[in-house]
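# Structural description and commentary
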Amino acid sequence: MPLYGQVIIGPPGSGKTTYCDEMSKYLQEMGRRVAIINIDPANDSLCYKAAIDISELITVEDVMDYVNLGPNGALIYCIEYLEKRLDWLLEKLRKLTDYYLFFDCPGQVEIYTHHNSMKNIMSAIKNELDLRLCCVQLIDCHYCSDPGKYISALLMCTSTMYQMELPHVNILSKIDIAVKHKSKLLFNLDFYTDVLSLDQLLDALQNDPHTSRYHRLNKAIVSLIEGQNIVSFVPLNVKDKRTLELVRKNIDRANGYIFNPEENQNAAMLNSVMQLDINDLTLDVLEDLPKSDSLDTMMQT
């Protein structure tokens, strides 16, 4: 039987470790056996119990001390070292049969945009273990409040999707912050999730004295993003089980996960409780956070 899993990536502070913790708990409630693998050599404050931790092999702090590199250089060194010592990781992964795997990855975006080690590591794991992976990229929703940052995030997502060569789901994390400060957004939520006409963002950039001078460059970048037309987002608030379920459905569809009998029963119950389609999402809908106690009760009955 094939294994299934998620590769969790995204910029620093986007919520990767929190996502691994909350989504793993959610899947466990559904009856799915979950194991989290920490491959961030700089993450020394985990909020979950890692089944495998790269710190047993190498850490950024050790590399900085003994190889005399800075933080970013040390992290690249660690990932390249893991690629060379991949047998260490494969040996441990082979013991996690029948588990759904989360790979909690570092936050340096260059590892996913143009450096090859992470792509090579995931490709080798996928082939050796018959592992069906989906790349889950978290983008902090605060980027939506700034047209320039949002376009930069779109460009990064486009580059990452081509570089990693995996099924891909992009997530706008911490969407509860966008709900709280929705007056600062220029457009409705669907503009940012569906990546609608970006010409409107060009107009906003043109009205900003700091970005107006780069109009031709901005126009070229927007044209590139719209020409590829591969980026869209799923909103997520890790405390809102409706959005967790929406993300879960998109990821399971992307990597082809097949439910076991126990999960089938729980998934049907969840779908009846949390009917939420991405096409119906608005900031006002997400503002109405259901009481988690009532959902937990229905999951247990």
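Residues numbered from 1 in each chain as written. Predicted model: local features only at pLDDT ≥ 70, side-chain atom pairs only at ≥ 80, totals over all residues. Heavy atoms only, no water.

Topologically, Thr-193 is positioned in helix H9 (residues 189-194). Looking at Thr-193, the relative accessible area reads 4%, which means it is buried. C-alpha of Thr-193 to C-alpha of Cys-144: the two residues are 49 residues apart in sequence and 9.9 Å apart in space. Leave out the neighbours within four places in its chain, and Thr-193 touches Leu-172, Ser-232, Phe-233 and Pro-235. For Thr-193, the side chain forms a polar contact with the main-chain oxygen of Asp-190, separated by 3.5 Å. (Helix = DSSP H or I, 4+ residues; strand = E, 2+ residues; numbered from the N terminus. Buried < 20%, exposed > 50% of the residue type's maximum accessible area, 1.4 Å probe, protein only. Contact = heavy atoms within 4.5 Å. Polar contact = N/O pair within 3.5 Å; in protein donor to acceptor, adjacent residues only side chain to side chain.)

Before going further, it helps to spend a moment on the layout of surface pockets. In this structure, the largest pocket encloses a volume near 430 Å³. Lining the largest pocket are 20 residues, and of these Met-1, Pro-2, Tyr-4, Asp-98 and Tyr-257 sit closest to its centre. Per-class residue counts for the lining of the largest pocket are 12 nonpolar, three polar and five charged. (1 Å grid on protein atoms, 1.4 Å probe; cavity = no way out; pocket = protein on both sides within 12 Å on 5 of 7 lines; lining within 4 Å. Points joined across faces, edges and corners; volume = space filled by probe spheres on them. Nonpolar A, V, L, I, M, F, W, Y, C, P; charged D, E, K, R; others polar.)

For the rest of this paragraph, the subject is the packing of aromatic side chains. One pass over the structure, following the stated rule, counts 10 aromatic pairs. Between Phe-191 and Tyr-192, the aromatic rings sit 5.3 Å apart at their centres with planes inclined by 80°, giving edge-to-face as the arrangement. Using a relative accessible area of 4% as the deciding quantity, one classes Phe-191 as buried. Each ring, one from Tyr-257 and one from Phe-259, has its centre 5.9 Å from the other, and the planes form 85°; the classification is edge-to-face. Accessibility expressed as a relative area gives 23% for Phe-259, which makes it partly exposed. Three or more aromatic residues joined by ring pairs make a cluster, and in this case those are Tyr-4, Tyr-19, Tyr-100, Phe-102, Tyr-257 and Phe-259. Just above the ring of Tyr-100 sits the side chain of Arg-32; from NZ or CZ to the centre is 4.8 Å. Above the plane of the ring of Tyr-257 lies Arg-32, whose end atom (NZ or CZ) is 3.8 Å from the centre. (Phe/Tyr/Trp six-rings, centres within 6.5 Å; stacked < 30°, edge-to-face > 60°. Lys NZ or Arg CZ within 6 Å of the ring centre and 35° of its normal.)

Before going further, it helps to examine the nonpolar core. Core analysis: the biggest nonpolar cluster contains 39 residues, and Leu-93, Phe-103, Met-122 and Ile-125 have the highest contact counts within it. Top contributing element to this core by residue count: helix H3 (residues 71-84), with six residues. Filtering out sequence-adjacent residues up to four positions away, Leu-93 remains in contact with Ile-37, Ile-52, Leu-101, Phe-103, Ile-125 and Leu-129. (Core = buried A, V, L, I, M, F, W, Y, C linked by side-chain atoms within 4.5 Å.)

Time to look at helix H6 (residues 117-129). Along its 13 residues, H6 runs 18 Å from first to last C-alpha, staying within 8% of the 18 Å computed at 1.5 Å per residue. The first or second residue beyond H6 is Asp-130, which carries a positive phi of 55°. (Expected span 1.5 Å × (residues − 1).)

At a minimum axis distance of 10 Å, the contact between helix H10 (residues 199-206) and helix H11 (residues 215-228) shows a crossing angle of 160°. Comparing their axes, H11 and H10 come out roughly antiparallel. Note on packing geometry: the crossing formed by H10 with H11 is right-handed. Across the interface between the two elements, Asp-199, Leu-202, Leu-205 and Gln-206 from H10 touch His-215, Asn-218, Lys-219, Val-222 and Glu-226 from H11. Class assignment for the residues of the contact of H10 with H11 results in three nonpolar, three polar and three charged. (Axes fitted to C-alpha atoms, helices over the stretch in contact; angles between N-to-C directions. Parallel < 35°, antiparallel > 145°, perpendicular 65-115°, else oblique. Left-handed = near helix turned anticlockwise from the far one by under 90°.)

A few words on the confidence of the model for the protein. Looking at the protein as a whole, its pLDDT mean stands at 87, while 89% of the residues score no less than 70. Counting interchain partners and residues more than four positions distant, the pLDDT-below-50 stretch residues 297-301 has eight contacts. (pLDDT = per-residue confidence, 0-100.)

A few words on the pairing of strand E2 (residues 34-38). Among the five residues that make up E2, five are buried, leaving the element largely enclosed by the rest of the structure. On E2, burial covers both faces: Val-34, Ile-36 and Asn-38 on one face and Ala-35 and Ile-37 on the other are all buried. Bridge count for E2 against strand E4 (residues 100-104) is five bridges, and the pairing is parallel. Looking across to E4, one finds that Ile-36 is bridged to Phe-102. Two strands pair when backbone bridges link them, and E2 and strand E3 (residues 52-53) are joined in this way by two bridges, in the parallel orientation. (Pairing = 2+ DSSP bridges.)

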